[in-house]
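If you want the building blocks of each chain, they are given just below.
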Number of protein chains: 4
Amino acid sequence: MPENLFPLDSSKPFTEQEKLGHNRWHPEIPPVISVKPGDSFRVDCREWFDGAIKNDDSAEDILNAPLHEVHKLTGPIRVEGAKPGDLLVVDILDVGPIPMEEGPLAGQGWGYTGIFAKHNGGGFLTEQYPDAYKAVWDFTGQVATSRHIPGVAFEGIIHPGLMGTAPSAELLARWNKREGDLIATDPHRVPPLALPPEPNGAILGGVAEADFDRIASEGARTAPPRENGGNQDIKNLSKGSRVFYPVFVDGGNLSVGDLHFSQGDGEITFCGAIEMSGFIELRVDVIKNGMETYGVSENAIFMPGKVEPRFSEWLAFSGTSVTLEGEQKYLDSQLAYQRACLHAIDYLKKFGYSGEQAYLLLGAAPIEGRFSGVVDIPNSCATVYLPTAIFDFDVRPSASGPHQVKQGIPAPRASA
Amino acid sequence: MPENLFPLDSSKPFTEQEKLGHNRWHPEIPPVISVKPGDSFRVDCREWFDGAIKNDDSAEDILNAPLHEVHKLTGPIRVEGAKPGDLLVVDILDVGPIPMEEGPLAGQGWGYTGIFAKHNGGGFLTEQYPDAYKAVWDFTGQVATSRHIPGVAFEGIIHPGLMGTAPSAELLARWNKREGDLIATDPHRVPPLALPPEPNGAILGGVAEADFDRIASEGARTAPPRENGGNQDIKNLSKGSRVFYPVFVDGGNLSVGDLHFSQGDGEITFCGAIEMSGFIELRVDVIKNGMETYGVSENAIFMPGKVEPRFSEWLAFSGTSVTLEGEQKYLDSQLAYQRACLHAIDYLKKFGYSGEQAYLLLGAAPIEGRFSGVVDIPNSCATVYLPTAIFDFDVRPSASGPHQVKQGIPAPRASA
Amino acid sequence: MPENLFPLDSSKPFTEQEKLGHNRWHPEIPPVISVKPGDSFRVDCREWFDGAIKNDDSAEDILNAPLHEVHKLTGPIRVEGAKPGDLLVVDILDVGPIPMEEGPLAGQGWGYTGIFAKHNGGGFLTEQYPDAYKAVWDFTGQVATSRHIPGVAFEGIIHPGLMGTAPSAELLARWNKREGDLIATDPHRVPPLALPPEPNGAILGGVAEADFDRIASEGARTAPPRENGGNQDIKNLSKGSRVFYPVFVDGGNLSVGDLHFSQGDGEITFCGAIEMSGFIELRVDVIKNGMETYGVSENAIFMPGKVEPRFSEWLAFSGTSVTLEGEQKYLDSQLAYQRACLHAIDYLKKFGYSGEQAYLLLGAAPIEGRFSGVVDIPNSCATVYLPTAIFDFDVRPSASGPHQVKQGIPAPRASA
Amino acid sequence: MPENLFPLDSSKPFTEQEKLGHNRWHPEIPPVISVKPGDSFRVDCREWFDGAIKNDDSAEDILNAPLHEVHKLTGPIRVEGAKPGDLLVVDILDVGPIPMEEGPLAGQGWGYTGIFAKHNGGGFLTEQYPDAYKAVWDFTGQVATSRHIPGVAFEGIIHPGLMGTAPSAELLARWNKREGDLIATDPHRVPPLALPPEPNGAILGGVAEADFDRIASEGARTAPPRENGGNQDIKNLSKGSRVFYPVFVDGGNLSVGDLHFSQGDGEITFCGAIEMSGFIELRVDVIKNGMETYGVSENAIFMPGKVEPRFSEWLAFSGTSVTLEGEQKYLDSQLAYQRACLHAIDYLKKFGYSGEQAYLLLGAAPIEGRFSGVVDIPNSCATVYLPTAIFDFDVRPSASGPHQVKQGIPAPRASA
């Protein structure tokens, strides 16, 4: 087993560990680990809220989740010799929950999915589902089940929700400018259009005290995916994947975190993935001058792993870019996917699920979201695919009508 | 083999056939075929432009393609006993090119993909690629290759691009109202925001002469997907699929056409699929009152077939909702998928493809387009997956740099 | 579509066609077609019994099937320039039933599976099932169902059961010697140990009359697979496969036939596949001196196609090398697979199938037969995998006990 | 995480652990653990030779491997309420190497494959490869590579090679009788036809001293698979599998061990799997009277897991039942598979592998072995499928000839 270069003690908060990670993007956060091209190594990763969400039957913790403190990232990891313009090759050798943990931060054995309240995070369907809800998922081996969502079980596609390289000063400035410009168009919107730098709650690894306030006021938030990869929430960055990141600073300064036991395409409930603490094993390499050689400047490239759950039967729902109120929008795939997901929820409600249960399920299960048509004016066509095998009953339409699930503990709810 | 209820003579245009189809949606277009629940049958389908696009090395035909005349649809097919509120179950038993054809309309043996000019159709990347281009694809068995795009070969996922039930008068009126409202916001836009009813070029099957002009002026255009299914361009409606359509008029009045030999998710070049004439075998059934029973009102549900090409290795590109000019947009998956596709094109150009060749390839090959993240404000994350096995060289990034394809006939271009 | 170089008229027997094929292996059978390396072409193939088996509810035709007349092969096909020592590359571009046929030989729309009587062919489980049975399968698109076996439907993996190159005179002599030696050890066994050359019923293509009797008395029977490929009955030689055959005579002299709509691994009922007439499209090429280069002398190499039915759930049965009577054999995988198949049949009988129905099903459906353990003295372990999706009921073991299928027409039986 | 009911201390031999397992089958070995239907639990398993094989470059340990001491099994595990006639349902929730071990018995990080010498175990191709060889495999995440076999890497399908229920006294007597009868036909054969009870080296868990010698002289060896499951070496009993075992004694008395990181179908080198120590998590349940209900008496039924490596391209080799010396055997699939494997080895030798390297690779990699034809007298046709993606070069035949692998450390050899 490769050496663990960033071990975390489950009994202590993220900020009291031997090595300190970070929760903002900034080129001046110094590397906490240094490795060579070709090296394999392991690091631990803390669940994105550092244990604020509990394995219980209340959603108060989701309602009041400390969003300004996320994500707790492991890194930066310096790769010797990596220079701006190179491609950093990252192999995900293994990733999983941390076994045999104890204490309040234990990640092994369970995880959670949340619908975030409209005033604290929101989500893909926040207009329809404005209140906070939670589902706790139990892991038995590779399978997740939930006492809050009856009748389903599925193999997790375990993956890091967030991984990326550090931005250059120039790139960071560009991020802050463009996101600030967007926020300025509607600064009081709830939920906000974007999240500006926020010194409150900033964790900056080994930044010297003299620089802390400046860097905290400049550091980009970790919520969005950007040119450096970042919070891409690509469910297929599973074991065996290879990712190619652009390098913007000397050493690349890779960071990783926000591990998910499973997630549906889109991670639609905002915290749609099944969030957990865990470990990840990586191997890194460098393609010199790879950005120019391969035409990569503003994105990560990746090759998903070969070992993901196989499904051969899917039930799919389509949506188009017409709002719920009947207004025609122009080629809007975001809206089309919302409508497809709402159609799937409408369908699942006929089987006895609450809308929130169905919404939570679509966030967490290995559903696929597809751009089916993006050119047939004025309607985009988006589709969401549910693997039928995750249900322990026949979920297909038939002349005999829908089976009714037997409800146990409803998904916990909290509203302000 | 099931009886062919709608045979087409390849030597004659669509309007001179024994049975006449249609190219507009309207509840008063009378059924041309009637079948019973449980029936299996075959129909022929004409390529969407009825033979206007030729197997040659010019793109003039794409430049001047008669868009007001599409799509040439087979139907309506009445299913006895189907009533509004029912779900129409449609099994796609088989679909393929028509073998052994001759004459100018022959669909067998080849098909085509086009980039449509910005002033005549446009496409997903029309700002970057405003001129008309064409690629002709040859079929050998189930595999497509093109003299205009070297170094690739792939198995087709043959499917109907367009299938759907007739709208009710009320639904049709709603379509015309909402699409008209959208057009009114920018009536002179090029390409247009939507296509209003257009009597010129309307084909209305068995509509009586007295009603023709009225119906032609009311009939909805077939370009967009809508509540009735329609031009969904879902590449996975392959052989063995089962589709559930809402029924809006007595008999359901199913129509089908626009067969594709292959297509990538999104059909990004507008005519991104490999267009062809062919046949389709269907079996129909009815779930009485299925719309209410299964919560279906505004969309089709489907289950894709089990027999599609298997790929185990993919190269994927991500994109976010930042414009090429660097402007930050808010959670715009349409834009994110454009950026992902442009990243893939930038990459493929390094292997010696022209941008247009890469664009044509992404439209036609069995690529997958995914909604990876749709909640991480302000960026949606979209990903496009290319199966590496479709290339006859190693398309993966490596230290040895990109292979260079050997160009033959470049993709034909035409501009006004 | 490639040119059909060997068309068959469905209304006429094999021997009255324009071009004459053959049903014995011999180097002196002259080529009936000649093609060049790189050529694509189509040929028709006749069902192995040339229409002797009918679409009815009797098994008399199976009981009396004319085994000495099989297989009706299309070819030999000469590939220009192929020399002994080369590898002949054969791409299976397409293969399928012949559409729209009429008359007694129609292959389209249906096929059949037979259990052959012990005294006329026998089969894998002939000791347990000594009588003749038949199941007729109807094709709807790519799916097979049978009025004789309720509750199952599956996508066919269409393939040629038999394809191979002509033997050299030396190789033919070796075949005849070794098979004759085997027969001599028990010459009156029923069923026989092997089939010697048999002039009665021999069809020899364009062999000159003066040579006919000699060649008919020397020509090897087509039943077994041998060094030249031959009747390998590999269900995965599906569309898109590439096969590499050793070349033993100038031109290679490829022959092909015995098309199957579907088959299980092993083709256990002897005529376990769903037999049909059809067409096949091939592309040929030559690797000069490929036998030495790649170490190929006594076998074909192949790469199966990418488009086969996907199944994600299987129910598997194991067997070991102990006879039904309890005798321990030494590492006998043939026996172990028999026991595995018998265990599967015992299981399916609990769902209301007759043993013969279950046996017929295992021959025809896309089951997989695996060598699981071959070294754990004294027992080989063989396993047979049934895809659960082919059943229209839940075929898995559970506390609620087996579902009972509703029988319609039982599988027809005939005994001498 | 489920409780570990059978922890093993890696620094101590199997016989000095807190709980003692066994290495013989006998109904009187008392359960060491007791669980209830529905329980999930974890147990550790020791590598089959208990650490006798080292991570070095010598094969002396394989040459002298203590075969009479295998397999070191965890159990028996009593399932409350299970009675003879029931089916024991066993879900494999998880299985893997034991992380972070130290000491001579460490299983994590590496495993080994061996060719056993003809006089000490032998193997599938012992006539061709009579000497002892070894390959050590390193694990990086889920991938295995070997310094002794260049150019290959593959994802492991981790599974228990051996799992089964205890035999009844009657069944055990039957085993000993039939295997003794076989041995008696050639008692001095090398390798032997079967392994009789052997008191030397017997480990019998909690058997009382007074009974030890009797039970040691009656207990069946664990090498072969039998009616109780046992050493089936089915590579697809992977994570997520469900197995149904017949129950022959009160409590079922399940035992498990012989974990494999990967294995090819057949485990052809005798110790063909990559052997390792590890853990397994199980959930058990009981179907009352399931043996009669489902027609199960002499075999295990299983459903493989959904998460195994996906491959879409295979290179396959066929073999028939003709010996290397040219003798024709009658429908002998064991021989046909030997010939198929020898053909694959001949092919791989052309790429620069030694025959032993190729043989070791076929034992360990996720190859598939299929019964292709078992009825075409006199030849069975067996096929072995190699996934091309496990090679880091193009392993397909082509006009350009075979790539040559760069040899490092040859596979270690030892002979007596």
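Small disclaimer: the values here were computed from a predicted structure and weren't measured.

Parameters at a glance
Along each chain, residues carry numbers from 1 onward, in the same order as the chain's sequence is written. The lettering of chains begins at A and the numbering of ligands begins at 1, in the order of writing. In keeping with the predicted nature of the model, local features appear solely for residues at pLDDT of at least 70, side-chain atom pairs appear and are counted solely at 80 or more, and the whole-chain, interface and lining totals rest on all residues. Put simply, DSSP marks the helices as runs of H or I at least four residues long and the strands as runs of E at least two long, and each gets a number from the N terminus on. Each residue gets a C-beta atom placed from its backbone, and two residues are in contact if those atoms lie within 7 Å. Each residue receives one of three labels: charged for Asp, Glu, Lys and Arg, nonpolar for Ala, Val, Leu, Ile, Met, Phe, Trp, Tyr, Cys and Pro, and polar for the others, Gly being one of them. Fitting a line to C-alpha atoms yields each axis, with helices limited to the stretch in contact; the angle taken between N-to-C directions then spans 0 to 180 degrees. An angle below 35 degrees is read as roughly parallel, one above 145 as roughly antiparallel, one from 65 to 115 as roughly perpendicular, and any other as oblique. By convention, the crossing between two helices is left-handed when the near helix turns anticlockwise from the far helix through less than a right angle, and right-handed when the turn is clockwise. To sort residues by burial, count the other C-beta atoms lying within 10 Å of each one's C-beta; a count of 20 or more means buried, 12 or fewer means exposed, and anything in between means partly exposed. C-beta atoms are built from the backbone. When the copies are superposed, the least-squares fit takes in the C-alpha atoms of residues with a pLDDT of at least 70 in both. Put simply, a nonpolar core is buried Ala, Val, Leu, Ile, Met, Phe, Trp, Tyr and Cys residues tied into one set by C-beta atoms within 7 Å. Those domain boundaries reflect an automatic or database domain assignment.

K.L.:
So what's going on with the overall build of chain A? Residues and values would help.
P.N.:
Along the backbone of chain A there are six helices and 21 strands. Projected onto its principal axes, the C-alpha coordinates of chain A cover approximately 65 × 50 × 45 Å. The contacts in chain A between residues at least 6 apart in sequence include a share of 78% that link residues at least 24 apart.

K.L.:
Run through the interface of chain B and chain A, naming residues and quoting values.
P.N.:
Across the contact, 83 residues belong to chain B and 84 residues belong to chain A. Those elements that place two or more of their residues in the side of chain B that touches chain A are α2 (169-184), β11 (225-226), α4 (290-293), β17 (301-303), β18 (314-320), α5 (333-349), β19 (368-373) and β20 (381-387) of chain B. A class-by-class count of the residues in the side of chain B that touches chain A yields 40 nonpolar, 24 polar and 19 charged.

K.L.:
Any details on the interface of chain C and chain A? Residues and values, ideally.
P.N.:
Taken together, the contacts link five residues of chain C with five residues of chain A. Tallied by class, residues from the side of chain C that touches chain A come to two nonpolar, one polar and two charged.

K.L.:
How would you sum up the packing of helix α5 (residues 333-349) of chain A against helix α6 (residues 355-364) of chain A? Please name residues and give values.
P.N.:
Residue and element names in this part refer to chain A. Between α5 and α6, the least distance of the axes is 9 Å, while the angle of their chain directions is 125°. Between α5 and α6, the angle falls in the class oblique. Here α5 and α6 pass one another in a crossing that is right-handed. From α5, Cys341, Ala344, Ile345, Leu348 and Lys349 reach across to α6, where they touch Gly355, Ala358, Tyr359 and Leu362. Looking at the contact of α5 with α6 residue by residue, the class counts come to seven nonpolar, one polar and one charged.

K.L.:
Any details on the environment of Ser11 of chain A? Residues and values, ideally.
P.N.:
Checked against the element boundaries, Ser11 of chain A lands in the loop between β1 (4-6) and β2 (33-35). Its 12 C-beta neighbours within 10 Å are what place Ser11 of chain A among the exposed residues.

K.L.:
Account for the relation of the copies chain B and chain A, with residues named and values stated.
P.N.:
Structural alignment of chain B on chain A gives an RMSD of 0.0 Å, achieved by rotating through 180° and translating 0.0 Å along the axis. In symmetry terms, the pair is related by a two-fold rotation axis. Looking at the rotation axis and the C-alpha trace of chain B, the residue lying nearest is Arg370 of chain B, at 2.3 Å. Interface residue correspondence from chain B to chain A reaches 100%, placing this contact among same-surface, isologous pairings.

K.L.:
Go over the relation of the copies chain C and chain A, please, and point to the residues and values.
P.N.:
By a simple turn and slide, chain C fits onto chain A: the slide is 0.0 Å along the axis, the RMSD is 0.0 Å, and the turn is 180°. The share of interface residues of chain C whose copies in chain A are also at the interface is 100%, consistent with both copies meeting through the same surface.

K.L.:
I'd love a proper account of the environment of Glu313 of chain D, names of residues and values included.
P.N.:
Along the chain, Glu313 of chain D turns up in the loop between β17 (301-303) and β18 (314-320). Through-space distance from the C-alpha of Glu313 of chain D to that of Ile29 of chain D is 47 Å; in sequence the pair is 284 residues apart. Beyond its immediate sequence surroundings of up to four residues, Glu313 of chain D is in contact with Ala389 of chain B, Met303 of chain C together with Thr388 and Ala389 of chain D.

K.L.:
Any chance you could break down the nonpolar core for me, citing the residues and the numbers?
P.N.:
Ranked by size, the top nonpolar core spans 262 residues in total, and within it Leu88, Cys341 and Ala344 of chain C together with Leu88, Cys341 and Ala344 of chain D carry the most contacts. Beyond its immediate sequence surroundings of up to four residues, Cys341 of chain C is in contact with Phe124, Leu125, Ile268, Leu362 and Val384 of chain C. Counting residues in hydrophobic clusters, the runner-up holds 261 residues, among them Ile158 of chain A together with Val35, Ala144 and Phe302 of chain B.

K.L.:
Residues and numbers for the domain arrangement of chain A, please.
P.N.:
All names here are of chain A. Its domain assignment divides chain A into domain 1 (4-303) and domain 2 (314-414). Placing a centre on the C-alpha atoms of domain 1 and another on those of domain 2 gives a separation of 27 Å. In this complex, domain 1 contributes 39 residues to the contact, which on the side of domain 2 involves 32 residues. Sorting the residues of the side of domain 1 that touches domain 2 by element identifies α1 (60-63), β6 (110-115), β7 (132-140), β9 (149-155) and β15 (270-275) as the ones contributing at least two each. Among the elements that take part in the side of domain 1 that touches domain 2, β9 stands out by supplying six residues, more than any other. Taken together, the residues of the side of domain 1 that touches domain 2 sort by class into 20 nonpolar, 11 polar and eight charged.

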